[in-house]
Amino acid sequence: MTKWFHSGRRRDLCALLYDAGELRAQSLKNRLENHYDERIDPGSFYATLRSLVESGFLDRRTEGIADVYALTDAGERALVDHYEWLSERVGGSGLTADRTPADDPDLKD
């Protein structure tokens with residue numbers, strides 16, 4: 001997995017953009033805050049967006065006074081790759097709310 005996904009916020013921003021196609025920065029921040037049910041520091045939020053743009057995972061364009069963001073092909077590919085990786089571990093494992101690590105014989109103390 002690429003280094004850019006070491007942050008849950010980066011992953012979640014990309015998931016929101018995958019779903020919406022493109023969003024203004026403030027709308028993206030509002031949706032993420034609603035999901036997390038907490039306020040996100042604007043400086044930290046915009047630093048995350050800037051990092052994703054600089055890494056080539058997001059495109060940014062200006063519309064009036066607002067910045068609008070969308071996934072690049074590389075961003076979409078990374079998100080889908082991560083989804084597949086996660087699905088193999090969660091979806092294929094029969095994960096349930098009552099499953100515990102003790103149920104997995106491959107886990108070691």
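Here the structure is a predicted model, which is why all the values come from computation and not from measurement.

Draft legend 1. Region of interest: the pairing of strand S3 (residues 66–71). Extensive coverage of S3 is indicated by the burial of five of its six residues. Direction of pairing for strand S1 (residues 22–24) relative to S3: antiparallel, over a ladder of three bridges. The partner of Leu23 across the bridge, within S3, is Tyr69. When strand S2 (residues 58–63) meets S3, the two strands line up antiparallel, connected through six bridges. The partner of Thr62 across the bridge, within S3, is Asp67. In textbook terms, the turn of a hairpin is the stretch between consecutive antiparallel strands, and for S2 and S3 this stretch comprises two residues, one of which, Gly64, has a positive phi near 65°.

Draft legend 2. A look at the packing of aromatic side chains. The final tally for this structure, using the stated rule, is one aromatic pair. Ring centres 5.1 Å apart and planes at 85° place the aromatic pair Phe45 and Tyr46 in the edge-to-face group. Using a relative accessible area of 30% as the deciding quantity, one classes Tyr46 as partly exposed.

Draft legend 3. Quick look at helix H1 (residues 8–20). End to end, H1 covers 18 Å across 13 residues, agreeing with the expected 18 Å (1.5 Å per residue, within 8%). Those residues of H1 lying buried are Asp12, Leu13, Cys14 and Leu17. Buried residues along H1 sit against S1, helix H2 (25–36), helix H3 (42–54), S2, S3 and helix H4 (73–90). Of the residues trailing H1, Gly21 is marked for its positive phi of about 95°.

Draft legend 4. Structural detail: the packing of H1 against H3. Where H1 meets H3, the closest approach of the two axes is 10 Å, and the angle between their N-to-C directions is 70°. Between H1 and H3, the angle is such that the two are roughly perpendicular. Two secondary-structure elements touch here, H1 through Arg9, Arg10, Leu13 and Cys14 and H3 through Ser44, Phe45, Thr48, Leu49, Ser51 and Leu52. Split into classes, the residues belonging to the contact of H1 with H3 amount to five nonpolar, three polar and two charged.

Draft legend 5. Layout of the pattern of salt bridges. Counted by the stated rule, this structure contains six salt bridges. Here Arg61 and Glu63 are joined by a salt bridge, their closest N and O atoms 3.1 Å apart. In this structure Glu63 comes out as partly exposed when scored by relative accessible area, which is 31%. Across the pair Arg89 and Glu88 runs a salt bridge, and its minimum N-O distance is 3.2 Å. Residue classification places Arg89 among the partly exposed positions, given a relative accessible area of 42%. The exposure class of Glu88 is exposed, given its relative accessible area of 56%. Overlapping salt bridges bring together Glu22, Arg24, Arg61 and Glu63 as one network.

Conventions and cut-offs
- In this convention, every chain numbers its residues from 1, walking through the sequence in written order.
- The model is predicted, so local features are restricted to residues of pLDDT at least 70 and side-chain atom pairs to those at 80 or more, both for listing and for counting; the totals for chains, interfaces and linings are taken over all residues.
- Just so you know, side-chain values use all the structure's heavy atoms and leave hydrogens and water out.
- The buried label goes to any residue with under 20% of its type's maximum accessible area, the exposed label to any with over 50%, and the partly exposed label to all in between, with areas taken from a 1.4 Å probe on protein chains only.
- Strands are runs of DSSP state E lasting at least two residues, helices are runs of H or I lasting at least four, and both sets are numbered from the N terminus onward.
- At least two DSSP bridges between two strands are needed for those strands to be called paired.
- The rule is short: rings of Phe, Tyr and Trp, with Trp giving its six-membered ring, pair when the centres are within 6.5 Å, and they are stacked under 30 degrees, edge-to-face over 60, tilted in between.
- In a helix, the anticipated span is given by 1.5 Å times the number of residues less one.
- Throughout, a contact is declared for two residues whenever any of their heavy atoms are within 4.5 Å.
- Fitted lines through C-alpha atoms serve as axes, helices being fitted only where they are in contact, and the angles separating the N-to-C directions of these axes extend from 0 to 180 degrees.
- An angle below 35 degrees is treated as roughly parallel, one above 145 as roughly antiparallel, one from 65 to 115 as roughly perpendicular, and anything else as oblique.
- Any residue that is not Ala, Val, Leu, Ile, Met, Phe, Trp, Tyr, Cys, Pro, Asp, Glu, Lys or Arg is counted as polar, Gly included; the first ten are nonpolar and the last four charged.
- Think of a salt bridge as a Lys or Arg side-chain nitrogen and an Asp or Glu carboxyl oxygen that are within 4 Å of each other.

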